[in-house]
Amino acid sequence: MTKLRLAIVGAGPAGIYAADILLKAERKFDVSIDLFEQLPAPYGLVRYGVAPDHPRIKGIITALRDVLDRGDIRLFGNVRFGEDITLDDLKHHYNAVIFATGAIRDTAMEIPGIDAVGSYGAADYVSWFDGHPDVPREWPLDAASVGVLGNGNVALDVARMLAKHAEDLLVTEVPENVYEGLKSSAITDVHVFGRRGPAQVKFTPLELRELGELRDVDMVVYDEDFDYDEASKDAVASNKQVMVIDRVLQSWRKRPSANGARGDVDNAGGTASRRLHLHFWARPVEVRKDEEGRVAALVYERTQPDGQGGAVGTGELREVPMQALYRAIGYFGSPLPGVPFDKKHGVIPNREGQVLAKDSNQRVPGIYATGWIKRGPVGLIGHTKSDAMETVRHIINDQGSWWQPVDPSEASIPALLHERGVKWTDLAGWHRLDEHEIGLGAPQERARVKVVPRDEMVRVSRGE
Ligand code: NAP
């Protein structure tokens, strides 16, 4: 059996799970895998999307690391697809490619004023607090009152990472510049807005409950949001997750900080120096700007249940003053040079992971997709595994229809990157960086302290 050569672009959970499943299916075919990653370190959103105070989820890295450490996957980090290596290069050297590039941008939001100074996408803030090398080191945290749009887990991550006191992050791997930035934050109030009700949220019970455990942060919920219609009552009664979420929210209604008068913080009765307000039935309509074009307030329309789990507007407009706004209404995939792309949904068009041409819907031989770039930015990390299984099943069945590479030799890739002056990082380099970061954390008994600048990551990885 000739050895087949496969390239995977993206070393996040999607790419690593796909590699693992392919290698475990080796009895069905003989394959060698090269994993390309644009960042100098692997693990994608587990390293650069999961919040630093979520070590349990970060723990997924251990399983991903075990896959890479088997020794039969080559990692080429700090290699940008479309610049350092192209689709034509991959066709020249491999039999097929799987794109596992995820979704790392914010979905656009079309409301007046969303371009105000102080209006941010959640993905950018997450990248900052997770020490992504390609975002600025400084983040403006001079706002006292801040809005967060959306009722998913990213909205809760953002709200928590705004409300939490910086000192309480010191036990985590939070980068030094992020700790310093958060320490200077002027924040007192974080307002989270959901366009539907408590029974229709997308976030999960564990993440919600965690908000109530934040030190010196009062949770504020509003009685008028809990007037459930039949559909909401059904959801609470029939769905365990919704039931728990409802129970947590109801317990906050009984806290002294929960105020019946919306926005009447002085009457809230809580004692904390920071408050986290959850507003439901609030559809964002406009961001009001001050004379300097900065965020001054969010205007929202009060909505009500439509009887089927959705919401309809009531026509009543309300305004909450604030100086910064974060939209956490979903991530969006980015197009890749030479690869079909569905601009509306931000994914690579595909049928169960087999990539389709944009207009004809015909299969494009040799090209596959997995993870968020395949199915959109929904689902927890574990879902990525079943997703990869589906893609790999097709890969195994499609073997006959793949590319015939001109030069499939393993030596050709390092030679090509070297010739182009690419400073790539490999698995041994990642181990070096990993140990370096763990060493930086050791004196303070922290799991690690992340290295943030890209050139420093590359230098440490390459032992330069
Ligand atoms: P998400 O779960 O899809 O939530 C998006 C939220 O934005 C929804 O509440 C949605 O409301 C709202 N929204 C969308 N468009 C809107 C608009 N135009 N105006 C107002 N609200 C709007 O997305 P996500 O929070 O980005 O999370 C992505 C995935 O990552 C999820 O599967 C999530 O569970 C996962 N994740 C998990 C964790 C964790 O486990 N700790 C952390 C982060 C992310 P509607 O429901 O009304 O559409």
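In this numbering scheme, every chain counts its residues from 1 along its sequence in written order. In keeping with the model being predicted, local features are shown solely for residues with a pLDDT of at least 70 and side-chain atom pairs are shown and tallied solely at 80 or more, while totals for entire chains, interfaces and linings include all residues. Hydrogen atoms and water are omitted, and side-chain values are computed over all heavy atoms in the structure.

**Q** Describe the sheet that holds strand β6 (residues 119–121), with residues and values.
**A** Here, strands pair whenever DSSP counts at least two bridges between them. Comment: elements are numbered from the N terminus, with helices defined as DSSP H or I runs of at least four residues and strands as E runs of at least two. In space, the six strands of this open sheet follow the order β6-β14-β7-β8-β10-β9, with parallel pairing throughout. Bordering the open sheet on either side are β6 and β9 (217–221), each of which pairs with just one other strand. The average undirected angle you get between the axes of adjacent strands in this sheet is 20°. As defined by bridge partners, β6 adjoins strand β14 (residues 324–327) across three bridges and the pair is classed as parallel. Bridge assignment links S119 to a residue of β14, and that residue is L325. Each of β6 and β14 touches helix α6 (residues 122–129); the most contacted strand, β6, lies at about 75° to it. Interaxial angles span 0 to 180 degrees and are taken between N-to-C directions of axes, which are lines fitted to C-alpha atoms, for helices over the stretch in contact. Contacts are residue-level and defined by heavy atoms, with any inter-residue pair within 4.5 Å sufficient.

**Q** Mind laying out the packing of helix α9 (residues 205–212) against helix α11 (residues 240–253), listing which residues take part and the relevant values?
**A** Relative to each other, α9 and α11 sit at 10°, their axes nearing to 9 Å. On the basis of their axis angle, the class for α9 and α11 is roughly parallel. Taken together, the residues of α11 that come into contact with α9 (itself represented by P205, L208, R209, L211 and G212) are Q241, V244, I245, V248, L249 and W252. Under this scheme an angle from 65 to 115 degrees is roughly perpendicular, one under 35 degrees roughly parallel, and one over 145 degrees roughly antiparallel; angles in between are oblique.

**Q** Which residues make up helix α10 (residues 230–238), and what values go with them?
**A** Counting along an α-helix, one turn takes 3.6 residues, and residues three or four places apart therefore face a common direction. For each residue, the accessible area found with a 1.4 Å probe, counting protein chains only, is set against the maximum for its type, and the residue is called buried under 20%, exposed over 50%, and partly exposed in between. Turning to α10, its buried residues number three or more, namely A231, S232, A235 and V236. One side of α10 holds all its buried residues, which, seen down the axis, span an arc of 135°. Exposed side chains of α10 directed beyond 90 degrees from the buried face belong to E230, A237 and S238. Of the surrounding secondary structure, the elements contacted by the buried residues of α10 are α11. Directions pointing from the helix axis toward each C-beta atom define the arc.

**Q** Talk me through the environment of T271; I want residue IDs and the actual numbers.
**A** For T271, the position within the fold is in the loop between α11 and β10 (274–279). Along the backbone, T271 and P256 are 15 residues apart, and their C-alpha atoms lie at a distance of 8.9 Å. Residues in contact with T271, not counting those within four places in the same chain, are D216 and D218.

**Q** Provide a residue-level description of the sheet that holds strand β17 (residues 354–356), including the pertinent values.
**A** The sheet built from seven strands is open, its strands ordered β3-β2-β1-β4-β18-β17-β16 with mixed pairing. Both outer strands of the open sheet, β3 (73–76) and β16 (350–351), are each paired with one neighbouring strand and no more. With four bridges connecting them, strand β2 (residues 31–36) and β3 associate as parallel partners. Note on β3: the bridge partner recorded for F36 is F76. Sheet strands touched by helix α1 (residues 13–24): β1 (4–9), β2, β3 and β4 (96–99). Its angle to β2, the strand with the most contacts, is close to 175°.

**Q** Mind laying out the domain arrangement of the protein, listing which residues take part and the relevant values?
**A** What the domain assignment lists for the protein is domain 1 (2–104 + 333–424) and domain 2 (107–327). The centre of domain 1, based on its C-alpha atoms, is set 34 Å off from the matching centre of domain 2. Domain 1 puts 16 residues into the contact, and the matching count from domain 2 is 20 residues. A simple way to read buried area is as the amount of 1.4 Å-probe accessible surface that goes missing from two parts once joined, with both sides added. Summing the contributions of domain 1 and of domain 2, the shared interface buries around 1,300 Å²; its carbon and sulfur component is 53%. When residues of domain 1 are sorted by the area they lose upon contact with domain 2, Y48, P52 and D53 head the list and together hold 45% of the total. Domains are outlined according to an automatic or database domain assignment.

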